[in-house]
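# Summary of structural features
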Amino acid sequence: MDQRFNWRLPRILRRWILRSRPGVVLLAGYGLYMLLGWALLALPIASDNGLAPMDSLFLAVSAVSTTGLVTVDPGSSLTPLGEGMLLVLFQVGGLGYLTIGSFAMLAINDRLGPVRTRVTRFAFSMPRDARVAPFIRTVVLFALTCETLGTLSLWPLFALEGVEAPFWKALFHAVSAFCTAGFSLFPDSLEGFRGSLGVNLVISALSLAGAMGFLVAWDGWLRLTQPGYRIGFTTRVILGATALMIVVGTVLTGFADAGLAKLPFAERWLAASFQAMSAATTVGFNSYPIGALSLAPLLGLIVLMSIGASPSGTGGGLKTTTVASMIGIIRSVTHQRPDVRFLGRRIPDRRASMAAASCGYFAVMLAIALGLLALSDAQLGFDALVFEAVSAVGTVGLSTGVTAELSSTGKIVVMILMTAGRVGILAFAIATALPERNSATYEDDELLL
């Protein structure tokens, strides 16, 4: 009886995966890793004095979603083994559990099954004619190369600053930066390195490499290896949008905050540019106390966190391409054009519809979450709750300092937002939507931007 059940279970699971929408499989996979991380971080060997169940669950969800919001300080609460567990969790979350599993399968069998190929295309917003296997190999190689170079660069910089265990902290922060996780082993994130140009540049380079997306890296690789290859329009949009967000965010933060204005000139603008980069890439490190910022720069950071990173990257948010599509829709309506265009390129109607749906779902989900947080944690202040909610759904991890003060209900709301942000706003909507009878269906690659 037991043998028959064990033999049939893989068939049942495979049948469910084949019949389920890719978004459902993606959400279930990340949920499983979050539960596994919860079990690991709850072990006595993972922390010095033991974590409360809610804290270990929150930490696991935040790690797998690569958010970085914490209710306890990882550097002082976790053992070295617990820190290693945390690193593995946000590495899996950053690259995607499908990427790591697919890479292992390619190493063993040199091929991917149809189910894994289908869900991987959905997760990375890849077109149907794209070759998944070489893309997966490039993703893993690119990630390991960036993280290795980042570790080797941060190691001597931390050593010169007198940091204890500089190699381990360099490795931890390099992986955290590339995965745009924002976890730090320092109690004040990177505030102690606000004036260190080297640390700021390395962390920023790693964050940008992860946030701009693996498709951009793939495009760049083809440009280098194939003579005559032209960088795609999407890549140019991503590069331009990311640069524009960081420049505008830097100017706003540097000029609008009175506290930053008191810093020495170089340190002031280094801190302003770092915070703009941190919000735009959704990496979530801070070199200046976020709770000390005035309302104007906080609003600017909220906008940057909402837009977020780019498709197929490690960052969250609505994505730069979705916002570009929305700009095209607005211009189309205001100029009374029959089609939607952005920078002279026509955006397919289906893509424009999905961009509008993504923005709409983002607004509705955020409104509901803020309503619940206002009921459960009103004493924390509405501006702090808005910042916390946007940071969670954008998988950013920046906070004004209220995360640990959230009620149990508030923490659950934030965890749901972090999960939705990691799966993807639209993918989460698709995964949680009730199926309709006799409804039209679309190809997987038409559903994401």
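Residues numbered from 1 in each chain as written. Predicted model: local features only at pLDDT ≥ 70, side-chain atom pairs only at ≥ 80, totals over all residues. Heavy atoms only, no water.

From N to C terminus, the chain includes 20 helices and 2 strands. Expressed as a percentage of the 449 residues in the chain, the buried residues total 54%. Taking contacts inside the chain between residues at least 6 apart in sequence as the whole, the part at least 24 apart equals 70%. Total accessible area on the chain is roughly 20300 Å²; 65% of this is exposed by carbon and sulfur atoms. (Helix = DSSP H or I, 4+ residues; strand = E, 2+ residues; numbered from the N terminus. Buried < 20%, exposed > 50% of the residue type's maximum accessible area, 1.4 Å probe, protein only. Contact = heavy atoms within 4.5 Å. Areas by Shrake-Rupley, 256 points an atom, 1.4 Å probe, with all protein chains shown as cover.)

We now examine the pattern of salt bridges. Pairing is possible between side chains of opposite charge, provided their charged atoms come close. Counted according to the given criterion, the structure contains 4 salt bridges. Taking the shortest distance from any N to any O, the salt bridge between Asp-349 and Arg-346 comes out at 3.4 Å. Residue Asp-349 is classed as partly exposed on the basis of its relative accessible area, which comes to 45%. (Salt bridge = Lys/Arg side-chain N within 4 Å of Asp/Glu carboxyl O.)

Among the surface-exposed residues, Leu-36, Leu-40, Leu-43, Ile-45 and Leu-81 lie close enough to one another that they form a single nonpolar patch of about 410 Å² accessible area. Looking at the element boundaries, Leu-40 is found in helix H2 (residues 22-41). The exposure class assigned to Leu-40 is partly exposed, which follows from its relative accessible area of 32%. (Patch = residues over 30% accessible without salt bridge, like charges linked within 9 Å, V, L, I, M, F, W, Y side chains within 5 Å.)

Below, the discussion takes up the side chain of Thr-253. Assignment of secondary structure puts Thr-253 in helix H12 (residues 233-256). Judged by its relative accessible area of 2%, Thr-253 is buried. Not counting residues within four places of it along the chain, the set of residues in contact with Thr-253 comprises Leu-260, Ala-272, Pro-297 and Leu-301.

This paragraph deals with helix H15 (residues 295-307). Along its 13 residues, H15 runs 19 Å from first to last C-alpha, staying within 8% of the 18 Å computed at 1.5 Å per residue. When we look at burial in H15, the residues that qualify are Pro-297, Leu-298, Gly-300, Leu-301, Ile-302, Leu-304, Met-305, Ser-306 and Ile-307. Against H12, helix H14 (265-281), helix H16 (320-334), helix H17 (349-376) and helix H18 (382-393) lie the buried residues of H15. One or two positions beyond H15, positive phi appears at Gly-308, with a value near 75 degrees. (Expected span 1.5 Å × (residues − 1).)

Each aromatic ring pair is specified by the distance between its two centres and by the angle formed by the two planes. Per the counting criterion, the structure on display carries 9 aromatic pairs. A centroid spacing of 5.9 Å and a plane angle of 65 degrees characterise the contact between Phe-142 and Phe-178, whose relative ring orientation is edge-to-face. Pair noted here: Phe-142 is in helix H8 (residues 132-160) and Phe-178 is in helix H9 (residues 166-178), with a separation of 36 residues, a long-range link. By way of ring pairs, the aromatic residues Phe-90, Trp-168, Phe-172 and Phe-183 are connected into one cluster. (Phe/Tyr/Trp six-rings, centres within 6.5 Å; stacked < 30°, edge-to-face > 60°.)

Turning to unusual backbone geometry, a few remarks are in order. For Thr-180, which is not glycine, the phi dihedral falls at a positive 50 degrees. Taking relative accessible area as the criterion, Thr-180 reaches 0% and is therefore assigned buried. The phi dihedral of Thr-282 falls on the positive side, at around 60 degrees, and the residue is not glycine. Along the polypeptide, Thr-282 turns up in the loop between H14 and H15. Exposure remark for Thr-282: the relative accessible area of 0% places this residue in the buried category.

Here Ser-65 lies in the loop between helix H3 (53-64) and helix H4 (74-77). Given a relative accessible area of 0%, Ser-65 falls into the buried group. A distance of 2.6 Å separates the side chain of Ser-65 from the backbone oxygen of Val-61, its partner in a polar contact. In this structure the side chain of Ser-65 is engaged in a polar contact, spanning 2.8 Å, whose partner is the side chain of Thr-67. Ser-65 has contacts with Met-34, Thr-395, Met-418 and Arg-422, leaving out every residue within four places of it along the chain. (Polar contact = N/O pair within 3.5 Å; in protein donor to acceptor, adjacent residues only side chain to side chain.)

Our focus in this paragraph is the packing of helix H11 (residues 214-225) against H12. Orientation of H11 relative to H12, taken along the N-to-C sense of each, is 120 degrees, at an axis distance of 10 Å. Considered as vectors, H11 and H12 are oriented oblique to each other. For the element pair H11 and H12, the recorded crossing hand is left-handed. Listed contacts from H12 to Leu-215, Val-216 and Asp-219 of H11 are Thr-235, Ile-238 and Leu-239. (Axes fitted to C-alpha atoms, helices over the stretch in contact; angles between N-to-C directions. Parallel < 35°, antiparallel > 145°, perpendicular 65-115°, else oblique. Left-handed = near helix turned anticlockwise from the far one by under 90°.)

By themselves, these observations are geometric and do not establish any function.
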